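# Summary of the model geometry
So you can see what is in the structure, the chains are spelled out below.
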Amino acid sequence: MLPHLSAVVGQFRTGGTCLAAVPHGTGHIHDTFRVPNARPGGPDYLLQRINHRVFARVPELMDNIRRVTEHLRHHAGRLTLTLVPTREGKNYYQDDGGSYWRMYLFIAGARSYDLAQTTGQAYQGGRAFGQFGAWLADLPGAPLVETIPDFHNVETRLGAFREVLKTDPLGRAGEVAREIDFVEARAAEMPTLLRLGRAGTIPLRTTHNDTKFNNVLLDAEGQARCVVDLDTVMPGYVGYDFGDSIRTLVNTAAEDEADLGKIGLHLPFFEAYARGFLEETAHFLTPAERNTLAFGCRLLPFLMGLRFLTDHLGGDLYYKIHFEGHNRQRARAQFRLLECLEAQYSTLQILLDQAAGKS
Ligand code: ADP
Ligand code: GN1
Ligand code: MG
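Now for a description of the structure that goes with this document.

To continue, consider the pairing of strand β2 (residues 31-35). One ladder, built from two bridges, connects strand β1 (residues 22-23) with β2; its direction is antiparallel. By the bridge assignment for β2, Val22 is matched with Arg34. Where β2 meets strand β3 (residues 45-50), five bridges bridge the pair, whose relative direction is antiparallel. Bridge pairing links Val35 to Tyr45 in β3.

Right, here's the structure in full:
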């Protein structure tokens, strides 16, 4: 273990029997490590260096997570994340270099999948994120703090995109002219959920807002074990959560696939996810909200493609990239996926109606 990491681990109440820290997972935001326990039978831990540039208000972020995990424990028992406190009893630690760290119990015997492998997994994912929203419907107290203001606000995201285009600091706009046209051709329609919200047609709820399929852990039997990555749990619309899962679940290729010909839709995963999600949410969603789920499946690939493209134009300051042009490749793949979803839109609506009929 790096000397610095062992010093950080030592700040948390682990019992002092942890020897190493190994990088873990494929998230785009934090630095995540698994910390095995040398004591037989002792729990392993998950250590994260919080991306402080993305999450500027760490105390508020961690207080949101404390409230969410405490509340979920009432409903979900062991199916929720457990924060490990520091020796001083806080839920995060700031080191001398200014980095923020937090620790969770490592959930053993379960793992996440960047791509689903079976319809059973897709169904379990739908149930897990559906339950997550249902359980948070009675979160007591004030609304959660917006950890990233306007996170899914497509108008704000379009504004940021147009702003970076004006200066084009790295001279990259020319090579993405097609993608820029693609965005502008859809820009007027995309704020539909915002308009419905402002008109009072759909309610703001407590949503997860990062329901990527790899943010649910599944056990060896394929049962959903825990929803993770709680940083963006805050007020939002249910169409956001449904759409972001579908974005990562139905794609036949990776989120950043270079060969656009490989990108397509696997509709059995859509059907299974929708069934699981609606089984857990149909009792509290309003008809108007239910009707936004299909639109969410178009909005989220648009939004993510737009954010990847904006980050590419701005010099890759937000997402971790693994090679130059990675964000451009991610944007192109998301826009190709969106074209596939547009082509199958009426099928998605029919499958959703059928799933709603069954729940
Ligand atoms: P990021 O925001 O960078 O995606 P996550 O919080 O999603 O970070 O963590 C990255 C990965 O680590 C997750 O996709 C999941 O596979 C794994 N993970 C997160 N929390 C736990 C946990 N408590 N136990 C086991 N694995 C976890
Ligand atoms: C980030 O943290 P992670 O890797 O689960 C991002 C999401 C994007 C996703 C794209 C806080 O999710 O909004 O949808 O990458 N999270 C944040 O893969 O920006
Ligand atoms: Mg994640």
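Read on, since the account is not over.
A few words now on the site of ligand 1. Near ligand 1, the surroundings consist of 19 residues, among which His30, Gln48, Ile107, Ser112 and Asp229 are the closest. Take Ile29: an N or O atom from its main chain is 3.3 Å from an oxygen atom of ligand 1. Asn214 is positioned with one of its backbone polar atoms (N or O) 3.1 Å from an oxygen atom of ligand 1. Protein contacts shield 96% of the accessible area of ligand 1, which totals 550 Å² for the unbound molecule. Within the residue set of the shell around ligand 1, elements represented by two or more residues are β3 and β5 (100-105). Taken together, the residues of the shell around ligand 1 sort by class into nine nonpolar, nine polar and one charged. When residues of the shell around ligand 1 are sorted by domain, at least three fall in each of domain 1 (3-108) and domain 2 (119-358).

The immediate surroundings of ligand 2 are formed by 17 residues, with His28, Lys212, Glu255, Arg307 and Tyr318 found nearest. A distance of 3.1 Å separates an oxygen atom of ligand 2 from a polar side-chain atom of Asp210. Contact distances for ligand 2 include 2.5 Å between an oxygen atom and a side-chain N or O atom of Glu255. Bound to the protein, ligand 2 loses 98% of the 450 Å² it would expose on its own. When atoms are counted within 2 Å of each cavity's grid points, the one that captures over half of ligand 2 is the largest pocket. For the shell around ligand 2, the element with the most residues is helix α10 (residues 293-314), which contributes three residues. By residue class, the composition of the shell around ligand 2 is seven nonpolar, four polar and six charged. Three or more residues apiece are contributed to the shell around ligand 2 by two domains, here domain 1 (3-108) and domain 2 (119-358).

Parameters and conventions
Residues numbered from 1 in each chain as written. Chains lettered and ligands numbered in written order. Predicted model: local features only at pLDDT ≥ 70, side-chain atom pairs only at ≥ 80, totals over all residues. Heavy atoms only, no water. Pairing = 2+ DSSP bridges. Helix = DSSP H or I, 4+ residues; strand = E, 2+ residues; numbered from the N terminus. Near = heavy atom within 4 Å. Polar contact = N/O pair within 3.5 Å; in protein donor to acceptor, adjacent residues only side chain to side chain. Areas by Shrake-Rupley, 256 points an atom, 1.4 Å probe, with all protein chains shown as cover. Nonpolar A, V, L, I, M, F, W, Y, C, P; charged D, E, K, R; others polar. Domains from an automatic or database assignment. 1 Å grid on protein atoms, 1.4 Å probe; cavity = no way out; pocket = protein on both sides within 12 Å on 5 of 7 lines; lining within 4 Å. Sits in = over half its atoms within 2 Å of the grid points.

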